Amino acid sequence: MSLIEWNKKKVILFDLDGTLTDPGVGITNSVMYALEKYGITVSDKSELYKFIGPPLMQSFEKYYGFDQNKAERAVALYREYFQDRGIFENEIYDGIQQLLDALKAQGKVIGLATSKPEIYAKQILEHFGLDGYFDFISGSMLNGERTDKGEVIAWAIQLLGEKQRYTLEEMVMIGDREHDVIGARKNGLASIGVLFGYGSREELTGAGADAVVSSVCELAEMLTGEPAGEVLG
């Protein structure tokens, strides 16, 4: 898909973790806190980067062999740390706020589609002063509902439809993990994978991303059709 076609997208859906902000410290600290309750010690935090993006339940089951009950308890323990401390052990990627400014100036509709619980996602956006850029927010629920990224994106599309009707061809999903790409494809949306988060090029292209960019600069040029220097200053 060419630059001008990306620039024509009217609705931009962003993932949160690894796309707008770098949550590495907070998420890994929260996972370590939960694992330690089970006597599991992790010396290298980078081993836990695989928890960034996918639903937590799935990750505890996949990477540590927890059954459903144990995984549910692990998620509850994770949140004990995350809700008070880990949520703000986070930082916004350089250039993201300027990109959001530029997209708004062009009249784009901006939405958040994250597997993180909506209540936390809203707090994070408010913390970084980004909440005013978003026309709607779709996330998971604390009770475990709507954690699959396909379901999250489907809900985002439904929220959008309540405001104004857009075609799927006018929308794009942007994220750093295969779940973002797969979720977009399930809903008939194009997707852009970003490499400044926690997914690899192989992961994103293997999942079927329509484009992959390595920096916020590349993403800005693609979405706005303007030179990154003008967009990001």
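*Asks:* What should I look at first to understand the overall build of the protein in this one?
*Replies:* Scanning the protein from terminus to terminus reveals eleven helices and eight strands. Taken over C-alpha atoms, the radius of gyration comes to 17 Å for the protein, in line with the 17 Å a tight globule of 233 residues would show. Dimensions of the protein, computed from the C-alpha atoms along their principal axes, are close to 55 × 35 × 35 Å. Across the protein, the fraction of contacts at a sequence separation of at least 24, relative to all contacts at a separation of at least 6, is 65%. Accessible surface computed for the protein: about 10300 Å², of which carbon and sulfur atoms make up 45%. When the 23 positive and 36 negative side-chain charges of the protein are each reduced to one mean point, those points stand 4 Å apart.

*Asks:* What should I look at first to understand helix 6 (residues 118-127) in this one?
*Replies:* At 3.6 residues per turn, the α-helix brings residues three or four places apart onto the same side. Turning to helix 6, its buried residues number three or more, namely Glu118, Tyr120, Ala121, Ile124 and Leu125. On an axial view of helix 6, the arc spanned by its buried residues comes to 160°, and they lie on one face. Note on helix 6: the residue one or two positions beyond its end, Gly129, has a positive phi of about 70°.

*Asks:* Hey, could you run me through unusual backbone geometry in this one?
*Replies:* Across the chain, the bulk of peptide bonds are trans and the bulk of non-glycine residues have phi less than zero. One non-glycine residue, Arg146, adopts positive backbone phi at about 55°. Locating Arg146 in the fold gives a position in the loop between strand 5 (136-140) and helix 7 (149-163). Note on Arg146: relative accessible area 18%, which makes it buried.

*Asks:* Could you clarify how one ought to interpret the sheet that holds strand 6 (residues 171-175) in this entry?
*Replies:* Remark on secondary structure: sheet strands pair via backbone hydrogen bonds, oriented parallel or antiparallel. Taken together, six strands build an open sheet; the order of strands is 5-4-1-6-7-8 and the sheet is parallel. Strands with a single pairing partner mark the edges of an open sheet, and in this sheet they are strand 5 and strand 8 (211-213). On average, each strand axis in the sheet is tilted by 20° relative to the strand beside it, whichever way the strands run. Two strands pair when backbone bridges link them, and strand 6 and strand 7 (residues 190-194) are joined in this way by four bridges, in the parallel orientation. Bridge pairing in strand 7 links Gly175 to Gly193. The strands that helix 6 touches are strand 4 (109-117) and strand 5; relative to strand 4, the one it contacts most, it runs at about 125°.

*Asks:* Just checking my understanding: could you explain the packing of aromatic side chains for this structure?
*Replies:* The geometry of an aromatic ring pair is captured by the separation of the ring centres together with the interplanar angle, meaning the angle of the planes. According to the stated counting rule, one finds eleven aromatic pairs in the structure shown. Arranged with centres 5.1 Å apart and planes meeting at 65°, the rings of Tyr49 and Tyr198 form a pair that is edge-to-face. Here Tyr49 is found in the loop between helix 2 (24-36) and helix 3 (56-64), whereas its partner Tyr198 is found in the loop between strand 7 and helix 9 (201-207), with 149 residues between them in sequence. By relative accessible area, which is 35% here, Tyr49 ends up partly exposed. Between the aromatic rings of Phe51 and Tyr64, the centroid separation amounts to 6.3 Å while the plane-to-plane angle is 35°, which identifies the pairing as tilted. Within this pair, whereas Phe51 is found in the loop between helix 2 and helix 3, its partner Tyr64 is found in helix 3, the two being separated by 13 residues in sequence. Here Tyr64 falls in the partly exposed class, since its relative accessible area comes to 24%. Ring pairs connect the aromatic residues Tyr38, Phe51, Phe60, Tyr63, Tyr64 and Phe66, which therefore count as one cluster.

The rules behind these values
Residues numbered from 1 in each chain as written. Predicted model: local features only at pLDDT ≥ 70, side-chain atom pairs only at ≥ 80, totals over all residues. Heavy atoms only, no water. Helix = DSSP H or I, 4+ residues; strand = E, 2+ residues; numbered from the N terminus. Rg over C-alpha atoms; globule rule 2.2 N^0.38 Å. Contact = heavy atoms within 4.5 Å. Areas by Shrake-Rupley, 256 points an atom, 1.4 Å probe, with all protein chains shown as cover. Lys, Arg positive; Asp, Glu negative; His and termini not counted. Charge placed at Lys NZ, Arg CZ, Asp CG, Glu CD. Buried < 20%, exposed > 50% of the residue type's maximum accessible area, 1.4 Å probe, protein only. Arc of directions from axis to C-beta. Pairing = 2+ DSSP bridges. Axes fitted to C-alpha atoms, helices over the stretch in contact; angles between N-to-C directions. Phe/Tyr/Trp six-rings, centres within 6.5 Å; stacked < 30°, edge-to-face > 60°.

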